[in-house]
Amino acid sequence: GDSVTQMEGPVTLSEEAFLTINCTYTATGYPSLFWYVQYPGEGLQLLLKATKADDKGSNKGFEATYRKETTSFHLEKGSVQVSDSAVYFCALSDWGRGNKLVFGAGTILRVKS
Amino acid sequence: NAGVMQNPRHLVRRRGQEARLRCSPMKGHSHVYWYRQLPEEGLKFMVYLQKENIIDESGMPKERFSAEFPKEGPSILRIQQVVRGDSAAYFCASSPPSTGSRTGELFFGEGSRLTVL
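A. The overall build of chain A, seen in detail. If you tally the helices and strands in chain A, you get zero helices and 12 strands. Its helices and strands in sequence order give chain A the pattern β-β-β-β-β-β-β-β-β-β-β-β, from N to C terminus. Over its C-alpha atoms chain A spans a radius of gyration of 14 Å, differing by no more than 12% from the 13 Å that the globule rule assigns to 113 residues. Taken over the C-alpha atoms alone, chain A extends approximately 45 × 30 × 20 Å along its principal axes. Taken over 113 residues, chain A has a buried fraction of 43%. With an accessible surface of roughly 5300 Å², chain A has 48% of that area assigned to carbon and sulfur atoms. Of the charged side chains in chain A, 11 are positive and 12 negative; the average position of the first set lies 4 Å away from that of the second.

B. Structural context of the layout of surface pockets. Within this model, the largest pocket holds a volume of roughly 600 Å³. What lines the largest pocket is a set of 28 residues, and nearest its centre among them are Ala105(A), Gln37(B), Pro39(B), Glu40(B) and Glu41(B). Those elements that place two or more of their residues in the lining of the largest pocket are strand S1 (3–6) and strand S10 (86–93) of chain A together with strand S9 (88–95) of chain B. Class assignment for the residues of the lining of the largest pocket results in 14 nonpolar, nine polar and five charged.

C. Representation of the interface of chain A and chain B within the structure. Taken together, the 19 residues of chain A in the interface contact 22 residues of chain B. Summing the contributions of chain A and of chain B, the shared interface buries around 1700 Å²; its carbon and sulfur component is 52%. Across the contact surface, chain A and chain B share zero salt bridges. Seen at the junction of chain A and chain B, the total is three residue pairs in polar contact (both at pLDDT 80 or more). Looking at the side of chain A that touches chain B, the elements with two or more residues in it are strand S5 (32–38), strand S6 (44–50) and S10 of chain A. No other element matches the four residues that S5(A) contributes to the side of chain A that touches chain B. A class-by-class count of the residues in the side of chain A that touches chain B yields nine nonpolar, seven polar and three charged.

D. Up close: unusual backbone geometry. Of the consecutive residues Gly9(A) and Pro10(A), the connecting peptide bond is found in the cis state with omega at 0 degrees. The topology assignment puts Pro10(A) in the loop between S1 and strand S2 (11–14). Of the consecutive residues Asn7(B) and Pro8(B), the connecting peptide bond is found in the cis state with omega at -5 degrees. Structurally, Pro8(B) is set in the loop between strand S1 (5–7) and strand S2 (10–13). The phi dihedral of Thr71(A) is positive, around 45 degrees, even though this residue is not glycine. Its location among the elements puts Thr71(A) in the loop between strand S8 (62–65) and strand S9 (75–77).

What counts as what
- Residues numbered from 1 in each chain as written.
- Chains lettered and ligands numbered in written order.
- Predicted model: local features only at pLDDT ≥ 70, side-chain atom pairs only at ≥ 80, totals over all residues.
- Heavy atoms only, no water.
- Helix = DSSP H or I, 4+ residues; strand = E, 2+ residues; numbered from the N terminus.
- Rg over C-alpha atoms; globule rule 2.2 N^0.38 Å.
- Buried < 20%, exposed > 50% of the residue type's maximum accessible area, 1.4 Å probe, protein only.
- Areas by Shrake-Rupley, 256 points an atom, 1.4 Å probe, with all protein chains shown as cover.
- Lys, Arg positive; Asp, Glu negative; His and termini not counted.
- Charge placed at Lys NZ, Arg CZ, Asp CG, Glu CD.
- 1 Å grid on protein atoms, 1.4 Å probe; cavity = no way out; pocket = protein on both sides within 12 Å on 5 of 7 lines; lining within 4 Å.
- Points joined across faces, edges and corners; volume = space filled by probe spheres on them.
- Nonpolar A, V, L, I, M, F, W, Y, C, P; charged D, E, K, R; others polar.
- Contact = heavy atoms within 4.5 Å.
- Buried area = accessible area lost by both parts, 1.4 Å probe.
- Salt bridge = Lys/Arg side-chain N within 4 Å of Asp/Glu carboxyl O.
- Polar contact = N/O pair within 3.5 Å; in protein donor to acceptor, adjacent residues only side chain to side chain.

Structural data, given as structure tokens:
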């Protein structure tokens, strides 16, 4: 079945450092790809998305490019802030196979001031 | 416009009791999804419902778990005879009638955290 694999955390960075969180996927169809963020004690919020190969999703300084050839959707940010500390989930939705999202295990990001 | 509302936020039950979790979708949303997040794990799909219909329950355990989304009122996830392994955060998400299913964008509630003693 479809699956998403994320780099294990926690990832600990100093403020203004560069962030990369790796995400790769396995899918038999043509999925849309997403990054969701979960702040402590809250639900998940959509951070960015890409619906086809070579699309770049971006929001709040975060970016991710849909790479079909490497089946990847790595999340990047040039300069992290303390307020970016959260859990980040990579997910895919292959709407040809139903309406559910398949999530990775999540990566904890901790940013120190 | 209120977001997805879940209650209770925290629920404690003893083994063998029943747990009922409620979810009110965003206004105008008619699709509801339930996910379970076990400690140190990602979210696992449980069930997808529309008003008065279960569309996909492929992630629901075969026994003790049930879900409904009546014509009026919130969606309910019901867990009978809870066991310690049911301790988790249960998240509800909703989407609009047509666009959500194609873009995959779901709007999540803050979750209900079930602890089974």
